[in-house]
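Secondary and tertiary structure notes
Given next are the chains, with one letter for each unit.
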There are 2 protein chains.
Amino acid sequence: MFAMSLDTRERLLRETEVLLRTKGYAAFSYADLAERIGIRKASIHHHFRTKEELGAALIDTYLVKFEADLAQILGQEREAIPRLRRYAGFFTASMREGMMPLCGALSAETAALPLAMQQRVRHFFELHLAWLRTVLKEGVKAGELGPDLDVGETASLVLSALEGASLVAWALKDASVITPAFEQVVSRLIDSTSTNNPIRE
Amino acid sequence: MFAMSLDTRERLLRETEVLLRTKGYAAFSYADLAERIGIRKASIHHHFRTKEELGAALIDTYLVKFEADLAQILGQEREAIPRLRRYAGFFTASMREGMMPLCGALSAETAALPLAMQQRVRHFFELHLAWLRTVLKEGVKAGELGPDLDVGETASLVLSALEGASLVAWALKDASVITPAFEQVVSRLIDSTSTNNPIRE
DNA sequence: GACAGCCTACCTACTAGTAGGTTTAGACGT
DNA sequence: ACGTCTAAACCTACTAGTAGGTAGGCTGTC
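Read on for an overview of the structure. From a predicted model like this one, the values you see are computed outputs, not experimental measurements.

Observations regarding the packing of aromatic side chains
All names here are of chain A. Considering all chains together, one arrives at 14 aromatic pairs over all chains under this definition. Judged by centre distance (5.4 Å) and plane angle (25 degrees), the ring pair of Tyr87 and Trp131 falls under stacked. Residue Tyr87 is located in helix H5 (residues 80-96), and its partner Trp131 is located in helix H7 (residues 115-141); the two are separated by 44 residues in the primary sequence. In this pair, the class of Tyr87 matches that of Trp131, namely buried.

So this is what it looks like as structure tokens:
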């Protein structure tokens, strides 16, 4: 049945996401996945011909969803700091759900990844950076952030700090690293302007 | 012969380091390793009974060396900023050598790692953080850094930013992300001191 | 002769992937 | 309403290849 098939495909993608974001690409297997879904290994191949195709498809769907989420933030928030705070929320949400951010989980093993996935991870990070640059640029233009702020480098810093904090939090099994690291970055963005400090959410 | 054995053992550790820091734990194999060294797979077991033991031993040696390096920095530099800059040098050096920092490479796949390695990765990060806190604390005491600086959170930020920047740089195959991210953190540490304080309430 | 170091040959468990058959269900002509 | 056709979805049973690990033998040095 059509609806049933879509369902299974989606469940496959969902479980793949969990496995990729907890164990990584190399350490997850079709057997693993099949058992979680409750179908046989061979049936996965009906939906995704190869592991590489499944991995690539997962990143693609994830990316579409993520792009929409980022666009939504731009629509709902009009100031740079709240936008960044919402952005940081994705990372704290990841940890709360007991997972790494997808591309943070994959990029360490980039060298062992199929080419199709390498490219997508790369594209994903570039998307993050482009969005952050947009937010920062508008923040500067609106006078919310200092005019001397280096947009490109600050975007890198925000992404790096959040991915890195997630990595450290993941290894230490202590999510409380993320928010302070981010708030430190943000508070210094604010310090460099003339406004004062609206801490806490 | 004893010297010969040590040699092989050391070469095993060195190649293991390369493999772990480029492909990760799950994606590297005894076959891989044996070929690089030029011995048979089975012979590795003579030096390290299991893969887990090899991995743990690698982290242990790495950790000893790293602790010495950190101690050396404390001996050679007496100010916080140069100390941090030397610390950041480890991360840029990693990328220059075409590798991830060891624990950054491993921590993403923590959940798929043998327990002995999980604990060591964790311990490694805690060592980093403890060292950073020491440097920052002394920097505050010496008046090089602002007295209001949160030592614990700043230590987390420095580690996170550098690990994260390495991750991003690794995925983008562009090492130039690391230094700017770090310098941004550092420059804001300096800004928050009273030395170059141009008014602002 | 003890033993380190390395070997060949092998094991079991598991990997992604394939071949080919069965079940289910909707579409269609009569 | 009926059998017939098609095709999606899934199955069992299998492949070749690789994973980490073991048993036992050869060799050279102390």
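A closer look at H7 of chain A
Taking 1.5 Å of rise per residue, the 27 residues of H7 of chain A would be expected to cover 39 Å, and the 39 Å separating its terminal C-alpha atoms lies within 8% of that figure. Just downstream of H7 of chain A lies Gly143 of chain A, where phi reads positive at about 80 degrees.

What about the layout of surface pockets?
Residue and element names in this part refer to chain B. The calculated volume of the second largest pocket comes to roughly 290 Å³. Around the second largest pocket sit 17 residues that line it, and Arg21, Tyr62, Phe66, Phe90 and Ser94 are the ones nearest its centre. Elements represented by at least two residues in the lining of the second largest pocket include exactly helix H1 (2-22), helix H4 (51-76), helix H5 (80-96), helix H6 (102-107) and helix H7 (115-141). Looking at the lining of the second largest pocket residue by residue, the class counts come to 10 nonpolar, 2 polar and 5 charged.

Regarding the relation of the copies chain A and chain B
When chain A is fitted onto chain B, the two copies agree to an RMSD of 0.0 Å after a turn of 180 degrees and an axial shift of 0.0 Å. As the rotation angle and translation indicate, the two copies are arranged about a two-fold axis. If distances are taken from each C-alpha of chain A to the rotation axis, the shortest is found for Gly164 of chain A, at 1.7 Å. Interface overlap between copies: 92% of the residues of chain A at the interface are likewise at the interface in chain B, consistent with a symmetric, same-surface contact.

Concerning the interface of chain A and chain B
Frequently, the measure chosen for interface size is the accessible area removed from exposure when the parts meet. Each side of the interface is counted separately: chain A has 48 residues, and chain B has 46 residues. For the chain A and chain B pair, buried surface summed over both sides reaches about 3,700 Å², with 66% attributable to carbon and sulfur atoms. Among the residues of chain A in contact with chain B, Leu167, Leu172 and Arg188 of chain A are the three that bury the most area, contributing 16% of the side total. For the pair chain A and chain B, the number of links is 6 residue pairs in polar contact (both at pLDDT 80 or more). Put simply, the parts of the chain that give the side of chain A that touches chain B at least two residues each are helix H6 (102-107), H7, helix H8 (151-172) and helix H9 (178-191) of chain A.

What counts as what
Once a new chain begins, its residue numbering starts again from 1 and follows that chain's sequence as written. Starting at A for chains and at 1 for ligands, labels are handed out in the order in which the entities are written. At least 70 in pLDDT is required for a residue's local features to be given in this predicted model, at least 80 for side-chain atom pairs to be given and counted, and no such filter applies to totals for whole chains, interfaces and linings, which use all residues. Side-chain calculation: all heavy atoms of the structure are included, whereas hydrogens and water are not. Pairing of aromatic rings covers Phe, Tyr and the six-membered ring of Trp, with a centre-to-centre limit of 6.5 Å; geometry is then stacked below 30 degrees between planes, edge-to-face above 60, and tilted otherwise. The way it works is that DSSP assigns letters per residue, a run of H or I at least four long becomes a helix, a run of E at least two long becomes a strand, and they are numbered from the N terminus. A 1.4 Å probe rolled over the protein chains alone gives each residue an accessible area, and that area as a share of the maximum for its type sets the label: buried under 20%, exposed over 50%, partly exposed in between. To estimate the expected span of a helix, subtract one from its residue number and multiply by 1.5 Å. Lining residues are defined by having an atom within 4 Å of a point belonging to a cavity or pocket. Those points lie on a 1 Å grid over the protein atoms alone, cavities being sets where a 1.4 Å probe fits but cannot get out and pockets being open sets with protein on both sides within 12 Å along at least five of seven lines. Grid points are joined across faces, edges and corners, and a volume is the space filled by probe spheres set on the points. Side-chain classes are defined by residue name, with Ala, Val, Leu, Ile, Met, Phe, Trp, Tyr, Cys and Pro counting as nonpolar, Asp, Glu, Lys and Arg as charged, and the others, Gly among them, as polar. Copy-to-copy superposition: least squares on the C-alpha atoms, limited to residues that have pLDDT of at least 70 in both copies. Only heavy atoms matter for contacts: two residues are in contact if any of them lie within 4.5 Å across the pair. Put simply, buried area is the surface a 1.4 Å probe can reach on two separate parts but cannot reach once they are joined, added for both. Any N or O atom pair separated by 3.5 Å or less is treated as a polar contact, with the protein-specific requirement of one donor-capable and one acceptor-capable atom, and with residues adjacent in sequence counted only for side-chain atom pairs.

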